[in-house]
Amino acid sequence: MGLPFVVLNMVSAVLFKDMGVSDAQIAFWTSLIMWPWTIKFLWSPFLELFRSQKFFVVATQLVSGLLFGFAALALHLPAFFAVTVALFAVVAFSGATHDIAADGLYMSVLSSADQAKYIGWQGAFYNLAKLVATGGLVWFAGWLFERFAIGGAAETAAYRSAWTVVLCILGALMLLAGMWHLRILPQGHVAAQGSHSLREGLTELRNVVRDFFAKKGIGCCIAFIILYRLGEGLVMKIVPLFLKTPVADGGLGLTNQQIGLYYGSFGAGAFLLGSLLAGYYIAARGLRRALFSLVCIFNLPFAVYALLAWFQPQSMWLVGGGIVVEYFGYGFGFVGLTLYMMQQVAPGPYRMAHYAFASGIMNLSVMLTGMVSGFLSDLSGYRIFFLVVMLATVPVFLMTRFVPFPHNDEHN
């Protein structure tokens, strides 16, 4: 689930930065193409009318793999930025469809108790994509760049060749995942036999939307979902750009290899530890009692990046320590929102579609803040930008005290 989202949301920023695209354009366009994750609820009811959840999981993995291969070729075109963004937009649609089916499969196969038990593992593997992509693939792109540059290639040509190889590897990973899941996954929900019409799908969509907004306390639930990742949406595009920007321009001046090393080594263990501990922590305390502490830990990294922006340390231990805090906090806190949407927002006759609706609202927050983040950071500079992000997190702390729990929490 995580690879298309992370590559389009974060790795593409490094790719286009290496290719000479401006920060404002990178932040705007790589945020805009995330739109399918916001509106995926519109076609989620149709997925329940045809084939099985497994079918859509496998099909979208194979499609995404092929599209990443086409994007690798597109880097060599004169209008590479426009063509690559267009291909990534189609990958986004495929990835969003995949998420609907994969989340539905998770909820239909596992009981509520097992969902809580394994939510840490689910979050760990989903976000492991962040480490594989921002750690391994970005590091490898930097390593390849040095090899191509030593061979006499110009800087832009060396970066183009490096990212071509990386995108091909990414496409191969998605294709292998699709073939593996074709063998191993359970079917999940299987559509009833018989013909299905567009009218049935539209009727289902109307019912999905009506029932979603009829849920008890849904307005507060939506506000909480939007606010939870507000700060993350602002920094998601900017952090890799901040890490790569020269020290003289307010950044940390890291290379792709350094970014990949820090994410892949310092961040990997911290993230996995945070995700797994959060699952057991929630299982032991209950989501209601754990929620405020999850919000605190999730938002801690933004203060760390403000300190990095103001002091610009060059020590690998200080920078690596900041990344450890980021990944531990993200891994620990993210599973709280995921479980809240699964157990407090999604339950009902349209469980898969309502979870897609809720996660779409969540991604709308991330997408819109990401679109303006580049302009805001250019206007204010990194130091002021990260302080603004810290202020943007204040509402979710207040909201945590009032967020509704319309469904029973086993520990309360």
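**Student:** Please set out the side chain of T245 residue by residue, giving values where relevant.
**Tutor:** You can see T245 is positioned in the loop between α12 (238-244) and α13 (256-285). For T245, the side chain forms a polar contact with the side chain of Y382, separated by 2.9 Å. What T245 contacts, discounting residues up to four positions off in sequence, is K17, G251, L252, G253 and Y382.

**Student:** Describe in detail the layout of surface pockets, supporting the description with residues and values.
**Tutor:** In this structure, the largest pocket occupies an estimated 930 Å³ of space. Forming the boundary of the largest pocket are 30 residues, of which M1, Q61, H98, F125 and H181 lie nearest the centre. Contributions of two or more residues to the lining of the largest pocket are made by α1 (2-18), α5 (53-74), α6 (80-109), α7 (112-150) and α8 (155-184). Examining the composition of the lining of the largest pocket, we find that 8 residues originate from one element, α7, more than from any other. Residues belonging to the lining of the largest pocket are distributed by class as follows: 23 nonpolar, 6 polar and 1 charged.

**Student:** With reference to specific residues and values, describe α1.
**Tutor:** Along an α-helix, residues three or four apart share an orientation, since each turn contains 3.6 residues. Look at α1: 23 Å from first C-alpha to last across 17 residues, which is about the 24 Å you get at 1.5 Å a residue. In α1, a bend of some 45° at V11 exceeds every other bend along the element. Most of α1 is tucked away: 16 of the 17 residues are buried.

**Student:** I'd love a proper account of the packing of aromatic side chains, names of residues and values included.
**Tutor:** For the coordinates displayed, the defined rule picks out 25 aromatic pairs. Summarising the aromatic geometry, the rings of F28 and W29 are spaced 5.2 Å apart at their centres and angled 90° between planes, so their arrangement reads as edge-to-face. On the basis of relative accessible area, F28 is assigned to the partly exposed category, the value being 27%. The class for W29 is partly exposed, based on a relative accessible area of 34%. Ring centres of F55 and F56 lie 5.2 Å apart, and the angle between their planes is 80°; this geometry places the pair in the edge-to-face category. F56 sits in the buried class, given a relative accessible area of 15%. An aromatic cluster is present here, built from F224, Y228, F298, Y330, F334, Y340 and F405 joined pairwise through their rings. Its end group placed over the ring of F292, R401 keeps NZ or CZ at 4.4 Å from the ring centre.

**Student:** Describe empty space enclosed by the protein, listing the residues and the values that go with them.
**Tutor:** The final tally for this structure, using the stated rule, is 6 cavities of 30 Å³ or more. What the largest cavity holds in volume is close to 180 Å³. If you list the elements that add at least two residues to the lining of the largest cavity, you get α6, α7, α15 (316-345) and α16 (351-392). A per-class count over the lining of the largest cavity returns 9 nonpolar, 4 polar and 4 charged. The calculated volume of the second largest cavity comes to roughly 130 Å³. Around the second largest cavity, the lining residues are M10, K130, E232, V235, M236, V239, F298, P301, F302, E326 and Y330. Mapped onto the lining of the second largest cavity, the elements with two or more residues apiece are α11 (230-235), α14 (287-311) and α15. Among the elements that take part in the lining of the second largest cavity, α14 stands out by supplying 3 residues, more than any other. Looking at the lining of the second largest cavity residue by residue, the class counts come to 8 nonpolar, no polar and 3 charged.

Cut-offs used in this document
Residues numbered from 1 in each chain as written. Predicted model: local features only at pLDDT ≥ 70, side-chain atom pairs only at ≥ 80, totals over all residues. Heavy atoms only, no water. Helix = DSSP H or I, 4+ residues; strand = E, 2+ residues; numbered from the N terminus. Polar contact = N/O pair within 3.5 Å; in protein donor to acceptor, adjacent residues only side chain to side chain. Contact = heavy atoms within 4.5 Å. 1 Å grid on protein atoms, 1.4 Å probe; cavity = no way out; pocket = protein on both sides within 12 Å on 5 of 7 lines; lining within 4 Å. Points joined across faces, edges and corners; volume = space filled by probe spheres on them. Nonpolar A, V, L, I, M, F, W, Y, C, P; charged D, E, K, R; others polar. Expected span 1.5 Å × (residues − 1). Bend = angle between axes of the 7 residues up to and from the residue. Buried < 20%, exposed > 50% of the residue type's maximum accessible area, 1.4 Å probe, protein only. Phe/Tyr/Trp six-rings, centres within 6.5 Å; stacked < 30°, edge-to-face > 60°. Lys NZ or Arg CZ within 6 Å of the ring centre and 35° of its normal.

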